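Each chain, letter by letter, is given below.
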Amino acid sequence: MIEKVGIIGSGTMGAGIAQVAATAGHQVVLYDTNQDALTRAEQSLQNILDRLVAKRRIQREERDAIWSRITMSDQMVSLSGSDLVIEAIVEDLSVKQSVFRELEAIVGKKTILASNTSSLSIASIAAALNRPKRCIGIHFFNPAPLMKLVEVIPAVQTSNKTQQLVEETIKQWGKVVAIAKDTPGFIVNRVARPFYGEALRIYDEGIANFATIDWAVKSIGGFRMGPFELMDFIGNDVNYKVTETVFKSFYYDPRYKPSFTQKRLSEAGYLGRKSGKGYYDYGEDAPEKVI
Ligand code: NAI
């Protein structure tokens, strides 16, 4: 049975997953090495829960109960005693592997260790562990509390028992599970690559600007968000890394070639909404577009 849930990384995804697990009744520890990130997560979670009360989606008592189940920590040792740990840190295999190695020395032998990676090989993450059969991919979508779909990705090493327990738990959290094979980008991020990539190519070829491309995709294509709005929402750093991983993992298939435009924005710190600037400017008096 899953009681205590540990989350590594209190950014966009970690904070959202913490909200989902605490709402489902679990004790949750949200761990991050960056104290500022923890403070931001705390403020954002409090605001979201307050808004849910204001909109009468939950009662104040329920809001307080959810909040009381979440603990913030900058010490990995606070994850000890977790039955399930979900990692949501930077999309970098060697960093994830070293965090999983460190984690295994802290948690019990039966703790399930999951990654929220968008594109990395679960088999490679599992290979860093002494007990790889407890490792699995649990891929939430942004924003985690609102998006119903969760991809569950068993690695070749993952035991049936691990997969079964994860599937049951995620369904109890009110989500819909899609089992995906451990291949780059799984299902949704692979399907989504051309959506971003072709939009960036249209921009790079000077055919249209961001706003026009977004407008066309929304009003003609019927999408809720245009590709540039969505990249700003996801984070250019995260989105670029995912494209780079998918491109390399598919043996440099040009269909997935990353964009210099996105790389430069990411290097400049124009990460999108989370940094206040991306393809669009989110400051109060800002012009609509950044470049
Ligand atoms: P983010 O940049 O918002 O947050 C990452 C957090 O991890 C930061 O707070 C950072 O301080 C922390 N961190 C970095 N290294 C750490 C370490 N060694 N130990 C503890 N904490 C550490 O990133 P985001 O967007 O939440 O993405 C996290 C993961 O989730 C990535 O693997 C990404 O591919 C995946 N993902 C992202 C989605 C998105 O739309 N942003 C959607 C689905 C998955």
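Residues numbered from 1 in each chain as written. Predicted model: local features only at pLDDT ≥ 70, side-chain atom pairs only at ≥ 80, totals over all residues. Heavy atoms only, no water.

1. Considering the packing of aromatic side chains
A ring pair, where both rings are aromatic, is described by two values, the distance of the centres and the angle of the planes.
For step 1, the next point in the chain: According to the stated counting rule, one finds ten aromatic pairs in the structure shown.
For step 2, the next point in the chain: Ring geometry for Phe 210 and Tyr 279: centres 5.0 Å apart, planes at 70°, overall edge-to-face. You can see Phe 210 sitting in helix α8 (residues 210-219) and its partner Tyr 279 sitting in the segment after α11 (260-267), a full 69 residues away along the chain.
For step 3, the next point in the chain: Overall, Phe 210 belongs to the buried group, its relative accessible area being 0%.
For step 4, the next point in the chain: Overall, Tyr 279 belongs to the buried group, its relative accessible area being 0%. (Phe/Tyr/Trp six-rings, centres within 6.5 Å; stacked < 30°, edge-to-face > 60°. Helix = DSSP H or I, 4+ residues; strand = E, 2+ residues; numbered from the N terminus. Buried < 20%, exposed > 50% of the residue type's maximum accessible area, 1.4 Å probe, protein only.)

2. Side note on the sheet that holds strand β7 (residues 149-154)
Two modes of strand pairing occur in sheets, parallel and antiparallel, and in both the strands are linked by backbone hydrogen bonds.
For step 1, the next point in the chain: Taken in spatial order, the eight strands of this open sheet run β3-β2-β1-β4-β5-β6-β7-β8, and their pairing is mixed. Both edges of this open sheet fall to β3 (70-73) and β8 (176-179), since each of them pairs with a single strand only. Put simply, the sheet's adjacent strands are angled 25° from each other on average, direction ignored.
For step 2, the next point in the chain: Across four bridges, strand β6 (residues 135-139) lies against β7 in antiparallel orientation. By the bridge assignment, Ile 136 is partnered in β7 with Pro 154. (Pairing = 2+ DSSP bridges. Axes fitted to C-alpha atoms, helices over the stretch in contact; angles between N-to-C directions.)

3. With respect to the site of the ligand
For step 1, the next point in the chain: Around the ligand, 24 residues are found, and the nearest of them are Met 13, Asp 32, Glu 91, Lys 96 and Ser 118.
For step 2, the next point in the chain: Here Thr 12 contributes a backbone N or O atom positioned 3.0 Å from an oxygen atom of the ligand.
For step 3, the next point in the chain: Bound to the protein, the ligand loses 85% of the 840 Å² it would expose on its own.
For step 4, the next point in the chain: Elements with a minimum of two residues in the shell around the ligand: α1 (12-23) and α4 (93-104).
For step 5, the next point in the chain: Looking at the shell around the ligand residue by residue, the classes come out as ten nonpolar, ten polar and four charged.
For step 6, the next point in the chain: Split by domain, the residues of the shell around the ligand number at least three in each of domain 1 (4-179) and domain 2 (188-275). (Near = heavy atom within 4 Å. Polar contact = N/O pair within 3.5 Å; in protein donor to acceptor, adjacent residues only side chain to side chain. Areas by Shrake-Rupley, 256 points an atom, 1.4 Å probe, with all protein chains shown as cover. Nonpolar A, V, L, I, M, F, W, Y, C, P; charged D, E, K, R; others polar. Domains from an automatic or database assignment.)

4. Here's the deal with the pattern of salt bridges
For step 1, the next point in the chain: A complete count under the given rule lists 14 salt bridges for this structure.
For step 2, the next point in the chain: Ionic pairing is found between Arg 60 and Asp 50, a salt bridge with its closest N-O pair at 3.9 Å. Here Asp 50 lies in helix α2 (residues 35-54) and Arg 60 lies in helix α3 (residues 60-68), a separation of ten residues in the sequence.
For step 3, the next point in the chain: Under the relative-accessibility criterion, Arg 60 is labelled partly exposed at 42%.
For step 4, the next point in the chain: A salt bridge links Asp 64 to Arg 63; its shortest N-O distance comes to 3.3 Å.
For step 5, the next point in the chain: Three or more residues joined by partner-sharing salt bridges are found here, namely Asp 50, Arg 60, Arg 63 and Asp 64. (Salt bridge = Lys/Arg side-chain N within 4 Å of Asp/Glu carboxyl O.)

5. Describing the pairing of strand β2 (residues 27-31)
For step 1, the next point in the chain: Here β2 lies mainly inside the structure; four of its five residues are buried.
For step 2, the next point in the chain: For strand β1 (residues 4-8) and β2, the ladder comprises five bridges, and the chain directions are parallel. When the sheet's bridge partners are listed, Ile 7 is paired in β2 with Leu 30.
For step 3, the next point in the chain: In this fold, β1 hands off to α1, which returns the chain to β2; that crossover is right-handed.
For step 4, the next point in the chain: Where β2 meets β3, four bridges bridge the pair, whose relative direction is parallel. Counted as the bridge partner of Val 28 is Ile 70 from β3. (Right-handed = clockwise from strand over helix to strand, strands pointing away.)

6. Here we look at the domain arrangement of the chain
For step 1, the next point in the chain: The domains assigned to the chain are domain 1 (4-179) and domain 2 (188-275).
For step 2, the next point in the chain: Between the C-alpha centres of domain 1 and domain 2 there is a distance of 26 Å.
For step 3, the next point in the chain: Contact residues are listed per partner, giving twelve residues for domain 1 and nine residues for domain 2.
For step 4, the next point in the chain: Carbon and sulfur atoms supply 60% of the area that domain 1 and domain 2 bury against each other, a total of about 810 Å² over both sides.
For step 5, the next point in the chain: Ranking the residues of domain 1 by area buried against domain 2 places Glu 91, Ser 119 and Asn 142 at the top, with a combined share of 44%.
For step 6, the next point in the chain: Put simply, domain 1 and domain 2 have zero salt bridges between them.
For step 7, the next point in the chain: For the pair domain 1 and domain 2, the number of links is one residue pair in polar contact (both at pLDDT 80 or more).
For step 8, the next point in the chain: Residues belonging to the side of domain 1 that touches domain 2 are distributed by class as follows: four nonpolar, five polar and three charged. (Contact = heavy atoms within 4.5 Å. Buried area = accessible area lost by both parts, 1.4 Å probe.)

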